[in-house]
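# What the coordinates show
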Amino acid sequence: MAAIVRRQRQRRRVCWALVAVLLADLLALSDTLAVMSVDLGSESMKVAIVKPGVPMEIVLNKESRRKTPVIVTLKENERFFGDSAASMAIKNPKATLRYFQHLLGKQADNPHVALYQARFPEHELTFDPQRQTVHFQISPQLQFSPEEVLGMILNYSRSLAEDFAEQPIKDAVITVPVFFNQAERRAVLHAARMAGLKVLQLINDNTATALSYGVFRRKDINTTAQNIMFYDMGSGSTVCTIVTYQTVKTKEAGMQPQLQIRGVGFDRTLGGLEMELRLREHLAGLFNEQRKGQRGKDVQENPRAMAKLLREANRLKTVLSANADHMAQIEGLMDDVDFKAKVTRVEFEELCADLFERVPGPVQQALQSAEMSLDEIEQVILVGGATRVPKVQEVLLKAVGKEELGKNINADEAAAMGAVYQAAVLSKAFKVKPFVVRDAVVYPILVEFTREVEEEPGVHSLKHNKRVLFSRMGPYPQRKVITFNRYSHDFNFHINYGDLGFLGPEDLRVFGSQNLTTVKLKGVGDSFKKYTDYESKGIKAHFNLDESGVLSLDRVESVFETLVEDSPEEESTLTKLGNTISSLFGGGTTPDAKENGTDTVQEEEESPAEGSKDEPGEQVELKEEAEAPVKDASQPPPPEPKGDAAPEGEKATEKENGDKSEAQKPSEKAEAAGPEGIPPAPEGEKKQKPARKQRMVEEIGVELVVLDLPDLPEDKLARSVQKLQDLTLRDLEKQEREKAANSLEAFIFETQDKMYQPEYKEVSTEEQREEISGKLSATSTWLEDEGFGATTAMLKEKLAELRKLCQGLFFRVEERKKWPERLSALDNLLNHSSMFLKGARLIPEMDQIFTEVEMTTLEKVINETWAWKNATLAEQAKLPATEKPVLLSKDIEAKMMALDREVQYLLNKAKFTKPRPRPKDKNETRAEPPLNASASDQEEKVIPPAGQTEDAEPISEPEKVETGSEPGDTEPLELGGPGAESEQREQSTGQKRPLKNDEL
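The structure presented is a predicted model; accordingly, all values stated were derived computationally and were not measured.

## Considering the overall build of the protein chain
Looking only at helices and strands, the protein chain has 28 helices and 31 strands in total. When burial is assessed residue by residue, the protein chain has 43% of its 1000 residues classed as buried. Pairs at least 24 apart in sequence give 73% of the contacts found in the protein chain among residues at least 6 apart. As displayed, the protein chain has an accessible area near 55200 Å², and 51% of this comes from carbon and sulfur atoms.

## Let's talk about the pairing of strand β25 (residues 515-522)
Relative to β25, strand β24 (residues 492-497) runs antiparallel, the two sharing 5 bridges. The residue bridging Phe-493 from the neighbouring strand is Val-519, located in β25. Here 6 bridges tie β25 to strand β31 (residues 701-706), and the two strands are oriented antiparallel to one another. Counterpart to Lys-522 in the pairing with β31 is Gly-701.

## Some words on the packing of aromatic side chains
Counted by the stated rule, this structure contains 29 aromatic pairs. Geometrically, the ring pair formed by Phe-528 and Phe-560 is edge-to-face, given 5.2 Å between the ring centres and 80° between the ring planes. Placement of Phe-528 in helix α15 (residues 524-530) and of Phe-560 in strand β27 (residues 551-564) is noted, with a sequence separation of 32 residues between them. The exposure class of Phe-528 is partly exposed, given its relative accessible area of 21%. Of the aromatic side chains, those joined through ring pairs into one cluster are Phe-179, Phe-180, Phe-266, Tyr-443, Tyr-497, Phe-502 and Phe-511. Between Arg-472 and the ring centre of Phe-502, over which it is positioned, the NZ or CZ distance is 3.7 Å.

## Looking at helix α13 (residues 414-426)
With 13 residues, α13 ought to run about 18 Å at 1.5 Å a step, and its terminal C-alpha atoms sit 19 Å apart, in line with that. In terms of residue burial, α13 counts as a mostly covered element, since 11 of its 13 residues are buried. Listed as buried for α13 are Ala-414, Ala-415, Ala-416, Met-417, Gly-418, Ala-419, Val-420, Tyr-421, Gln-422, Ala-423 and Ala-424.

## So, the environment of Thr-387
Along the polypeptide, Thr-387 turns up in the loop between β18 (379-383) and α12 (390-400). Take Thr-387: its relative accessible area is 4%, and that puts it in the buried class. As a C-alpha pair, Thr-387 and Ser-235 span 152 residues in sequence and 9.8 Å in three-dimensional space. Sequence-distant contacts of Thr-387, defined by excluding residues within four places in its chain, comprise Tyr-231, Met-233, Leu-382, Val-392 and Gln-393.

## Some details on the sheet that holds strand β9 (residues 133-137)
The sheet built from 3 strands is open, its strands ordered β8-β9-β10 with antiparallel pairing. For this open sheet the edge positions go to β8 (125-128) and β10 (143-144), each flanked by a neighbour on one side alone. Summarising the sheet, β9 and β10 pair through 2 bridges and their orientation is antiparallel. Bridging across to β10, Gln-137 finds its partner in Gln-143.

## Re the sheet that holds strand β15 (residues 254-267)
The strand order across the open sheet built from 6 strands is β18-β13-β14-β15-β19-β22, with neighbouring strands paired in mixed fashion. Here the strands that pair on one side only, and so sit at the sheet edges, are β18 and β22 (475-476). Taken together, the 8 bridges between strand β13 (residues 226-233) and strand β14 (residues 238-250) define a ladder with antiparallel strand orientation. By the bridge assignment for β14, Asp-232 is matched with Val-239. Helix α11 (residues 361-370) contacts β13, β14 and β15 of the sheet and is inclined by roughly 130° relative to β15.

## What to know about the nonpolar core
The biggest cluster of nonpolar side chains holds 113 residues, and the ones touching the most others in it are Leu-154, Phe-230, Tyr-245, Phe-484, Phe-493 and Phe-543. Discounting chain neighbours no more than four positions away, the residues touching Phe-484 are Val-447, Phe-449, Phe-491, Phe-493, Gly-538, Ile-539 and Ala-541.

## Here we look at helix α4 (residues 146-165)
Between its first and last C-alpha, α4 extends 29 Å over 20 residues, near the 28 Å set by a 1.5 Å rise per residue. Burial analysis of α4 places 16 of its 20 residues in the buried class, which makes it a mostly covered element. A positive phi of about 60° marks Glu-166, the residue just after α4.

## Observations concerning empty space enclosed by the protein
Summed over the entire model, instances satisfying the criterion amount to 7 cavities of 30 Å³ or more. If you add up the space inside the largest cavity, you get close to 150 Å³. By residue class, the composition of the lining of the largest cavity is 10 nonpolar, 4 polar and 1 charged. When residues of the lining of the largest cavity are sorted by domain, at least three fall in each of domain 2 (35-270 + 359-438) and domain 4 (443-564). Roughly 60 Å³ of volume is contained in the second largest cavity. Across the lining of the second largest cavity, the residue classes tally to 3 nonpolar, 4 polar and 2 charged.

## Things to note about the pattern of salt bridges
Any two side chains of opposite charge can pair, so long as their charged atoms come close to each other. Under the definition given, this model contains 43 salt bridges. Linking Lys-734 and Glu-78 is a salt bridge whose minimum nitrogen-to-oxygen distance equals 2.2 Å. One end of the pair, Lys-734, is in helix α20 (residues 714-754); the other, Glu-78, is in the loop between β5 (71-74) and β6 (79-81), and 656 residues separate them in sequence. Classification of Lys-734 by relative accessible area gives partly exposed; the value is 26%. Between Lys-317 and Glu-276 there is a salt bridge, with its nearest N and O atoms 3.1 Å apart. Of this pair, Lys-317 sits in helix α8 (residues 303-320) while Glu-276 sits in helix α7 (residues 272-290), placing them 41 residues apart in sequence. A single salt-bridge network, built from bridges that share partners, covers Lys-75, Glu-78, Lys-734 and Glu-738.

## What to know about the packing of α4 against helix α5 (residues 182-194)
One can describe the packing of α4 onto α5 by two numbers: an axis separation of 8 Å at closest approach and a directional angle of 55°. By the angle class used here, α4 and α5 are oblique. Considering the relative orientation of α4 and α5, their crossing is right-handed. On α5, the residues that touch Glu-147, Glu-148, Leu-150, Gly-151 and Leu-154 of α4 are Ala-187, Val-188, Ala-191, Ala-192 and Met-194.

## Some remarks on a negative patch on the surface
Among the surface-exposed residues, Glu-745, Glu-784, Asp-785 and Glu-786 lie close enough to one another that they form a single negatively charged patch. If you tally residues by element for the negative patch, the top one is helix α22 (residues 766-786), at 3 residues. Looking at the secondary structure, you find Glu-745 in helix α20.

## Some details on the confidence of the model for the protein chain
The share of residues in the protein chain with pLDDT of 70 or more is 76%, and the mean pLDDT across the chain is 80. When the elements of the protein chain are averaged for pLDDT, helix α17 (residues 591-595) gives the smallest value, 35, and strand β11 (residues 171-176) the largest, 96. Counting interchain partners and residues more than four positions distant, the pLDDT-below-50 stretch residues 26-31 has 3 contacts.

## A word on the packing of α22 against helix α23 (residues 792-841)
Contact pair α22 / α23: the axes reach a minimum separation of 11 Å and the direction vectors enclose 160°. As judged from the angle between their axes, α22 and α23 are roughly antiparallel. The two elements α22 and α23 cross, and the hand of that crossing is left-handed. Across the interface between the two elements, Gln-768, Glu-771, Ile-772, Lys-775, Leu-776, Thr-779, Trp-782 and Leu-783 from α22 touch Met-794, Leu-795, Lys-798, Glu-801, Leu-802, Leu-805, Cys-806, Leu-809 and Arg-812 from α23. Looking at side-chain class alone, the contact of α22 with α23 contains 10 nonpolar, 2 polar and 5 charged residues.

## Here we look at the pairing of strand β12 (residues 198-204)
The side chains of a regular strand alternate between both faces of the sheet. Counting buried residues along β12, 5 of its 7 residues qualify, which places the element largely inside the surrounding structure. Two strands pair when backbone bridges link them, and β11 and β12 are joined in this way by 6 bridges, in the parallel orientation. By the bridge assignment, Asp-171 is partnered in β12 with Lys-198. With α5 bridging β11 and the parallel β12, this β-α-β connection has right-handed handedness.

## Some remarks on the side chain of Arg-119
Relative to the helices and strands, Arg-119 is located in helix α3 (residues 111-119). Side-chain polar atoms of Arg-119 contact the side chain of Glu-274, separated by 2.7 Å. Beyond its immediate stretch of four places on either side in the chain, Arg-119 contacts His-102, Thr-269, Leu-273, Glu-274, Leu-277 and Arg-280.

## Points about the environment of Gln-143
The residue Gln-143 is located in strand β10 in this model. The contact partners of Gln-143, leaving out residues within four places of it in the chain, are Thr-126, His-135, Phe-136, Gln-137, Glu-148 and Lys-723.

Rules used in this analysis
- Residues numbered from 1 in each chain as written.
- Predicted model: local features only at pLDDT ≥ 70, side-chain atom pairs only at ≥ 80, totals over all residues.
- Heavy atoms only, no water.
- Helix = DSSP H or I, 4+ residues; strand = E, 2+ residues; numbered from the N terminus.
- Buried < 20%, exposed > 50% of the residue type's maximum accessible area, 1.4 Å probe, protein only.
- Contact = heavy atoms within 4.5 Å.
- Areas by Shrake-Rupley, 256 points an atom, 1.4 Å probe, with all protein chains shown as cover.
- Pairing = 2+ DSSP bridges.
- Phe/Tyr/Trp six-rings, centres within 6.5 Å; stacked < 30°, edge-to-face > 60°.
- Lys NZ or Arg CZ within 6 Å of the ring centre and 35° of its normal.
- Expected span 1.5 Å × (residues − 1).
- Axes fitted to C-alpha atoms, helices over the stretch in contact; angles between N-to-C directions.
- Core = buried A, V, L, I, M, F, W, Y, C linked by side-chain atoms within 4.5 Å.
- 1 Å grid on protein atoms, 1.4 Å probe; cavity = no way out; pocket = protein on both sides within 12 Å on 5 of 7 lines; lining within 4 Å.
- Points joined across faces, edges and corners; volume = space filled by probe spheres on them.
- Nonpolar A, V, L, I, M, F, W, Y, C, P; charged D, E, K, R; others polar.
- Domains from an automatic or database assignment.
- Salt bridge = Lys/Arg side-chain N within 4 Å of Asp/Glu carboxyl O.
- Parallel < 35°, antiparallel > 145°, perpendicular 65-115°, else oblique.
- Left-handed = near helix turned anticlockwise from the far one by under 90°.
- Patch = residues over 30% accessible without salt bridge, like charges linked within 9 Å, V, L, I, M, F, W, Y side chains within 5 Å.
- Lys, Arg positive; Asp, Glu negative; His and termini not counted.
- Charge placed at Lys NZ, Arg CZ, Asp CG, Glu CD.
- pLDDT = per-residue confidence, 0-100.
- Right-handed = clockwise from strand over helix to strand, strands pointing away.
- Polar contact = N/O pair within 3.5 Å; in protein donor to acceptor, adjacent residues only side chain to side chain.

See the structure below:
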C-alpha cells in the first residue's frame, strides 16, 4: 500500500511539473501574440499589426492617420516624430532629418551622398574614418549615423503599434526596396537591433505588394499561370515587377497558391521627390523674379524658406494631378514677404519632361530579366503615390500597350498588408492559410579562387576560377554547398557579386563595391595531417541566403572518408535482433524511405564559367539546398546532372559520398541483411559483409574580411543601442512630466469652478471654501512662476496635497449623489425579499422544499436590514450637511449583498430540488400503454360479470407497502404489458375486477 501511495505522489509531481511547463509556455506565448509590419517608404511609413481578434489592420498614429511621415527632429533635450516633426521642419530645418534611408549602406564617396547634400544643403554631414560612412552633425554634442536615425523611427513605429494593440510587440517584418544590396540590408538589420526589434524577415516591398494582391484573390488563382506586372512609383524610387501566380502541389499542404517573382526592373532616383524638387526650384525662381528690383537675398540661401517651398511643392503636385492649374501661395516666405504664383499642369510636365521619359525604363528591365514579352502580361497594376500623376499613367499606358491600367489595389497600404501577412505566417502564434512565396535574387553572387596548376612539367602558373553561387533571378531563401577538391593546405577564396551588366554606369557607381568578402581558411593542412589514412572528399563551404536576402557563410568543413570492414562476429545477438525488428517495421532503407527522407539537398555540378575552363579532374561541386514546392508528385524526379570525368584515383564526389548523413549509415546494415528486412542466414551460411564507409568531418577555422561595407563593431553597436535607450527614457520622462503638469493644472481649474456650484456649497462652510481656494491660487501661481523647472516628483507632490485637502468635500458630494439610487435599490430588494419569504411560507407542508431554519434566517436578515436602514437614516437626519455622513454608499451595498446572498441561496435550492413523490390514489387513472405494446393488447376489453355495469366500483385491494418507486414509473407496464398490474391484484385479492374504459 505504501508503495502505491509513493507512486501516486510521484505521478502527481510529474503532472504538476507538466502543468507548470505548459503554463510557462502559454505565458511566454501570450507576450508575443501580436506581431507587426513596417512598410518603410522614403517619405512615409505604414504600420500594420495582427493579433488575436484583430486580423491584419493598419495602425493609426496619434493624429488618427493611417500614414506617418518618416521624419525625425533631434534637439538637445527633445525629439519629435511624424507630423510633429514635419511641422518642426519649417522652424528648425537643420535638426529635422528626412529621406535619410538614401544614405544607408553608402560610403562617403557614393554619388548618392553628394546628391543628398545637393538636395538638402542645410544638413551637415561628417565623415566616419573607420567605416568610410557619413554621420549627421546636428550640433557639437549631437551626432547620429543613418542607422541610428532609422532605429529611432523603428522604435517609434513599435510604440505606435503597441499603443494600438495594447500589448508589447517585439517581432516585426520590415519592407526594404528590392534593389537594396547586402550592405544596405545589413544596415537595416543593425537599425532594427538598435530599436530592440526582432526582425522575422526583411521582405522586398514589391514581394509584399504581390503577396497582398494574391492573398485577397486566392480564389482566382488556379493551375493556369497568370502573369501580373506591378508598377510601383513611390517618393524616392520606381520598381517594376513581373509576378506569376499559380497553384502548385506542396509536400505539406497539397495544392496551394504560389507567387513567383519572374522579373524586376528599377530606377533608384525616379519618384515623386524629384518632381517636388523640380517644382521647388521653379517656385524659388518665381519668388526671386518677383523681388528682383528689391535687392533681396536669394531665397535658395534660406533653409527655412526652402523648407516652406518644398512643402508647398508637395501640395501643388497633388493638386495638379486633378486640376489643370493652381495658385501656389505662402505667407511670410522670407523677410515677411508673401509669395503667390500660378502654376499650370503643362508647366509642371515641362519641368519633369526628362523624368517622364524614364518611366518605361523599369518596364523594359523587368521584361528582359523575366525573358518575357508584353503579350504574356495579363494586367499592369499601379502601386505607389507618384503613379497618381496623370502624365506618368499616360506614358506608362503607351509603353505597355494595354487598354487600361489596373487600379484595383490600395496603392499606399498594399505592401504593409502583405508584410503583416508574412509576419503572421512566420509567427508561432497564428495559423494562416499557406501561400508559397518564391522571391528572386536581383544581384548574382559568385565565388572566386586562385589555384596553382602545372600546365607543363616544371612549369607552374596561377589559374583564376569563378563559380556562380546564386544566379540572377534565382529563388531564395536557399542554401548551397561548394566543395573545393584540389586543396590540401590553407587557402583563401573571395565572395563577390556576379555579372552586373544590366546596371548602367551611374547605377554601378551608386551600387558601391562589387567585392563582398574575402574568406581565409585556417586548419586545412592540419586536418590532412590528422587523417592521413582517410581519403579526402574536399573542403565544403556552406552558404545561406536567408529570407531577408542576406548572405552568410555558416561553416567550412574538411570531409574525409575511409572503408571499414565489419566481420559477422562483430555483431552481437541483441544487435542482430534489433536490426531485424527495425527492418520489419520499416527501418530498412527502401526506395520509399529514400523518397520521403528529410534530406532535401539537390546536387548540381556547375559547368566552368567562360574564360576559366577547368582542366580534367578540376571540379567544384555545388549542392543546392532549396526547398521548392513539388509541382506534380506523379512526375519522375529529375535526373542527376553528370559531371565531367575525373582522373584516375579521383572519383566524382556526388557518386562517392551520395551526401548521406551520419544518421543514415546504420541503415546499410539492414540492406546487407537482405531485401525487405529478411533476417540473415544461419551461421553456417554467413558471408563476409561488404565494407561500409566511415565519414570524418573536421571544422575549419574561418576569418572573414568584409570588403563592401564593414559592419558595426560590437562595442559601437552596444553604444548606439544605449544611446537610443537613453533618448527613449528621456522622452518617456518628458511625457510623464507633461502629464503630471497637465493633471495639476486641470485639477486647479476644475476645483476652482466647483467652489461656486450649489452641491459643493451645500456640504461645505465658508471657511472651508476659502481655505481650498487660497491653496489653489497659491499652487497656480507657483506653477506659472516655477513650474517650468519643476520635476515630475514635485508636480505629483503638489497634486497630492490638493487632493488631500479637497478629499472630504468631494467625498460628501459624491455620497449625496449616490444616496437616492442606492436607497431605492435597497427598498426594492427588501420588498421583493419579503414577498418571496411570504410565498415560501404558504407552500403546503408536503411540497415544502425550504427548512424552517432557512426561512427563519432570511426573515432575520430582512428585519435587521430594515432596522439598520431606519436607524441610519434617522441618525443622518440629525447631522449637518458639512459633517462626514454616517449613511455610506458602501454600507448600503454591503447590506444589499448580504440580503441578496440569502435570497439567491433559496432560489438556487428551489431551482435544483426535485419534487417529492406523491402517494398513489386508488381511483387514479392508469398510465398510457407503452408505445411498444401490441395492437391486440391495446384493443383487449374485459366483459364485466352479470349484474354489474362497467361503471361499478372496483374491488378494494389490501394495502401494500410502497417499494419506493417514483411516480409515473412505467417499468412494470413495459415488462408485463397492460394486464400485468391487474394480474398482480387478482393474485392478491383472489378475484377479478372489471377494468374501466380509460384503463384499457
